[in-house]
Amino acid sequence: MRSRSESSELSVHAIAGTRVVILGLNLKLKDDESGDSSPSATLSAMLSGLTVAKDANGADIAASESSLPEKNGQPPSHDVFVGFAIDRRDTSSGKSTSLNFDGRPIQKFHYGDYTVEPGHQYEYSVRRMIKAPSRSRYSFFSRPKYVAVGSPLVVTVTTEDPSTAKHGIYFNRGAAGSQAYAEKFGEFRKWHRVNKYGTPHWTSTINPLTIPDPAKKKEACAWLSRGLEEALLEFISQAKDSSWQLRVTAYEFTHKEVIHAFAAAVERGVDVKIIHHVKGSHRPKTRYNDVVKDKDGEVVKEWVPDKTTSDTQRAIDAVGFQSLDHARIWHHDTLIERHTSSIMHNKFIILLRDGTPVEVWTGSTNFTESALYGQSNVGHIVRDEGIAQQYLTYWNKLALDPPGRSKRHSGSSHDEEDAVPMDEINEQLQPDPAGAQPHDSITVFFSPRKTSDLLDWYADRMGDATDSVHFTAAFGVSQPLAHVLNHDGKPSPSHEVGVRRSPRIARRIKTDDKLLRYILLDSQPSEHSSEKSRASAEKKGKGNDYCDYFDFKKLNSNRIAYGAVLSGRNEEVKDVAPSSEHSESLTGLSTFVDFVHTKFMMIDALTVNPTIITGSANFSIASTEQNDENMLVIEGDTAVADVYFTEFMRLFDHFYSRDKRNESLGKGSKSPRAWIDVVEDDSWMKPFFDPSHQLFRERVLLS
């Protein structure tokens, strides 16, 4: 839900998701008659238009000269505006809460409220804050350093309820490495000395699964899951008896509670079928460290499953049943192995009643502890029989375990001459699109596909953006998307951009100097890896067309964050572990992707016609041409866009602040708390009113 409110001085744009409300704040500008368009002149003109500060009762607050900075020996003509005061009231309970931590002003032009509940109505009151005058009636009592002034500007929003809407969208916390997690569960932190890349250092984890207190363990898991695990288990539990069916695909499949939920469904008489990833390789068989040979002296080879397969097999073998019949159903009728694709990367569940598909659960969430309690993930329910039927048609084809790609692509030597490969099936189910999809539509795309044209189509949609792009990339940015990001959002000669553009690349980019693209990566890219990739492209004669993070990060239209925790100079000391009461620690559950595992892109999210692309695929060549994947393209649904947008901004702001903090430490900052100190004059606003600054674009976008 979106709601706006404005007064003669302020405006507020509220965007409500399910568990997050983002407030876009702005000050009304007064026309600058001087003709000076510099940021300082614009700011001065705007501030001169603010009325005299008044307290909550409407009385003037007389500011003393000693409390205000002087310019040319003269006191300023306005109060020192140091930020915003924001209060929230739950309209059902009447409970009011100040959102100003420790009474400090909010010194930015958007604010994220991460403590709301789904399906609640909230009223936000916004006022300006100024430095409390040193000689005023406030000084005789508590003497606050900052006071809220002026009449409050009120805006009311209702958060989305994922349990009843057509789209039920659930994000986990995805920010285990946070001050809040450390404060709540830091007593269970454990330090480990690890040797990474040949350099020994200490690292800490707060693993919720090893917390000895059962109540605290449950609390920690619930805090990290933030409703995602609960929604997943509730989705499975809807299948109550033999009139229901569940059709499932699983890549990583080790979470005990989820596996037991499917097993319990089997015991209730539900028809459960689970396609799961099974891959491995044939390797020389060894015995007592010696290679085994047959009687002819030939090396004996045995099939060895990959880690994902072996972990899944152990987990499903560990399930016990009271009835032998149910145990046999589980092992012989329920589990279906998927061998012939590159990776069976899907993670969706179709709910059927009496054979008719009703709903589908999809998204980025593997059925693991890491996916639910660690890295950021989303579960997306679509309560639409037509969409569920498309997934069921795809599932039925997948269950036959056909080859992933046509022989001409894969070089496969399958004996199934008559088996139609999945790339052909998928393009029959949904051909590659041409141009934008219709407004108010949902389109499903399955992979693998014959070509990477679908990936190019995603890049085209990104290039169509006029206001904003919000994009998560767990495993880097593929070349088609990188080329779009390597354009600054306004007309520039190609030599300024640094790459030679093909006509197709040039066509896919629309230019607009207000465009702002947010890119959220799992980790900071490596210069060494970039150099290797660039060298490889040059060997193939494509060096001039290659671009990556180190090219597009320089552009003003790209605002980039990557996963990180606040580090005491990275905690990389050889023999002494850092000791910080609230140093941030991950859960230790993830072995590959620590922070960002979502795979979604939003185009012009805050417009009336947003595009949301979400699912299991990583926007890569492999996810398009090789893996079993599924993606939703949702056009024109502002409610869906609001949920994804608010959750994206929650994670982006969390990681961006840590990136900048760690960067300042790396540069030898001597003020470790400077990142939260209040700036006590108007200078904090200058970037927000400087057209050359990203924060200017962000203020305009969100307001």
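Scoring rules and cut-offs
- Residues numbered from 1 in each chain as written.
- Predicted model: local features only at pLDDT ≥ 70, side-chain atom pairs only at ≥ 80, totals over all residues.
- Heavy atoms only, no water.
- Helix = DSSP H or I, 4+ residues; strand = E, 2+ residues; numbered from the N terminus.
- Buried < 20%, exposed > 50% of the residue type's maximum accessible area, 1.4 Å probe, protein only.
- Contact = heavy atoms within 4.5 Å.
- Areas by Shrake-Rupley, 256 points an atom, 1.4 Å probe, with all protein chains shown as cover.
- Axes fitted to C-alpha atoms, helices over the stretch in contact; angles between N-to-C directions.
- Parallel < 35°, antiparallel > 145°, perpendicular 65-115°, else oblique.
- Left-handed = near helix turned anticlockwise from the far one by under 90°.
- Nonpolar A, V, L, I, M, F, W, Y, C, P; charged D, E, K, R; others polar.
- Polar contact = N/O pair within 3.5 Å; in protein donor to acceptor, adjacent residues only side chain to side chain.
- Pairing = 2+ DSSP bridges.
- Core = buried A, V, L, I, M, F, W, Y, C linked by side-chain atoms within 4.5 Å.
- Expected span 1.5 Å × (residues − 1).
- Phe/Tyr/Trp six-rings, centres within 6.5 Å; stacked < 30°, edge-to-face > 60°.

1. Topic: the overall build of the chain
Next up, step 1: Each helix and strand in the chain was counted, giving 20 helices and 28 strands.
Next up, step 2: Scored against the burial criterion, the 703 residues of the chain give a buried share of 53%.
Next up, step 3: Excluding contacts between residues fewer than 6 apart, the proportion of contacts in the chain whose partners are at least 24 apart in sequence is 73%.
Next up, step 4: Of the accessible surface of the chain, which amounts to about 31700 Å², a share of 48% is contributed by carbon and sulfur atoms.

2. So, the packing of helix α5 (residues 256-267) against helix α7 (residues 324-334)
Next up, step 1: Two elements in contact, α5 and α7, have axes separated by 10 Å at closest approach and are oriented at 115 degrees. One finds that α5 runs roughly perpendicular with respect to α7. With respect to the hand of their crossing, α5 and α7 are arranged in right-handed fashion. Of the residues in α7, those in contact with Ile 259, Phe 262, Ala 263, Val 266 and Glu 267 of α5 are His 326, Ile 329, Trp 330 and Thr 334.
Next up, step 2: Its residues assigned to classes, the contact of α5 with α7 comprises six nonpolar, two polar and one charged.

3. Comments concerning the environment of Thr 362
Next up, step 1: Take Thr 362: it is sitting in strand β20 (residues 356-363).
Next up, step 2: Between the C-alpha atom of Thr 362 and that of Ile 349, which follows or precedes it by 13 residues, the distance is 6.7 Å.
Next up, step 3: For Thr 362, the residues in contact, after removing those within four places along its chain, are Lys 347, Phe 348, Val 378, Gly 379, His 380, Tyr 391, Asn 630 and Leu 632.
Next up, step 4: Polar contacts involving the side chain of Thr 362 include one to the side chain of Asn 630, which spans 2.6 Å.

4. Details of the sheet that holds strand β5 (residues 96-98)
Next up, step 1: Strand order in the open sheet made by the four strands is β5-β4-β7-β8, with antiparallel pairing throughout. Each edge of the sheet is formed by a strand with only one pairing partner; in this case those strands are β5 and β8 (146-158). Averaged over all pairs of adjacent strands, the angle between strand axes in this sheet comes to 20 degrees, irrespective of strand direction.
Next up, step 2: Pairing geometry for strand β7 (residues 121-131) and β8, over ten bridges, is antiparallel. Bridging across to β8, Lys 131 finds its partner in Tyr 146.

5. Focus on the sheet that holds strand β27 (residues 611-615)
Pairing between sheet strands relies on hydrogen bonds along the backbone, with the strands arranged either parallel or antiparallel.
Next up, step 1: Ordered by their spatial adjacency, seven strands build an open sheet running β22-β28-β27-β26-β23-β24-β25, and the pairing between neighbours is mixed. Bordering the open sheet on either side are β22 (441-447) and β25 (558-562), each of which pairs with just one other strand. Here the strands of the sheet are splayed against their neighbours by 10 degrees on average, with no regard to which way each runs.
Next up, step 2: In terms of strand pairing, β22 meets strand β28 (residues 629-635) through seven bridges, oriented antiparallel. Within the sheet, the bridge partner assigned to Phe 446 lies in β28 and is Asn 630.
Next up, step 3: Packing of helix α9 (residues 385-398) onto the sheet brings it into contact with β22 and β28, and relative to β22 it is tilted by some 10 degrees.
Next up, step 4: Contacts from helix α12 (residues 453-463) reach β22, β23 (468-473), β26 (600-603), β27 and β28, with the element oriented near 40 degrees to β26.

6. What to know about the nonpolar core
Next up, step 1: Grouped together as the largest cluster of nonpolar side chains are 53 residues, with contacts concentrated most on Ile 350, Tyr 391, Tyr 644 and Phe 645.
Next up, step 2: The dominant element in this core, judged by the number of residues it contributes, is helix α19 (residues 638-666), at eleven residues.
Next up, step 3: Setting aside residues no more than four positions away along its own chain, Tyr 644 makes contact with Ile 169, Phe 171, Val 378, His 380, Phe 600, Met 602, Ile 612 and Thr 614.
Next up, step 4: The next biggest cluster of nonpolar side chains, apart from the first, holds 47 residues, and it includes Phe 185, Ala 261, Ile 316 and Leu 335.

7. As for α5
Next up, step 1: Given a rise of 1.5 Å per residue, twelve residues ought to cover 16 Å, and the 16 Å separating the end C-alpha atoms of α5 matches this to within 8%.
Next up, step 2: Listed in full, the buried residues belonging to α5 are Val 258, Ile 259, Ala 261, Phe 262, Ala 263, Ala 265 and Val 266.
Next up, step 3: Once α5 ends, the next one or two residues include Gly 269, with phi positive near 95 degrees.

8. Quick word on helix α16 (residues 527-539)
Next up, step 1: Between its first and last C-alpha, α16 extends 18 Å over 13 residues, near the 18 Å set by a 1.5 Å rise per residue.
Next up, step 2: Its side-chain oxygen placed 3.2 Å from the backbone nitrogen of His 528, Ser 526 serves as the N-cap of α16.

9. Structural notes on the packing of aromatic side chains
Next up, step 1: Overall, the coordinates contain 35 aromatic pairs when judged by the stated rule.
Next up, step 2: Relative to Trp 361, the ring of Tyr 170 lies with its centre 6.5 Å away and its plane at 20 degrees, an arrangement referred to as stacked. Here Trp 361 lies in strand β20 and Tyr 170 lies in strand β9 (residues 167-171), a separation of 191 residues in the sequence. Both residues of the pair, Tyr 170 and Trp 361, count as buried.
Next up, step 3: Where Phe 253 meets Phe 367, the ring centres are 6.0 Å apart and the plane angle is 65 degrees; that geometry is what we call edge-to-face. Of this pair, Phe 253 sits in the loop between β12 (244-250) and α5 while Phe 367 sits in the loop between β20 and α8 (369-373), and the two are 114 residues apart along the sequence. Both residues of the pair, Phe 253 and Phe 367, count as buried.

10. Quick word on the environment of His 277
Next up, step 1: Inspection of the secondary structure puts His 277 in strand β13 (residues 271-277).
Next up, step 2: Residues contacting His 277, with those up to four places away along its chain left out, are Ala 250, Tyr 251, Asp 306, Thr 308, Thr 309, Arg 338, Ser 342, Ile 343 and Met 344.
Next up, step 3: At 2.9 Å, the side chain of His 277 forms a polar contact with the side chain of Asp 306.

11. So, the side chain of Thr 624
Next up, step 1: As for its position among the elements, Thr 624 is in helix α18 (residues 621-625).
Next up, step 2: The residues touching Thr 624, leaving out its near neighbours within four places in the chain, are Ser 447, Pro 448, Arg 449, Thr 451, Ser 452, Leu 454 and Leu 455.

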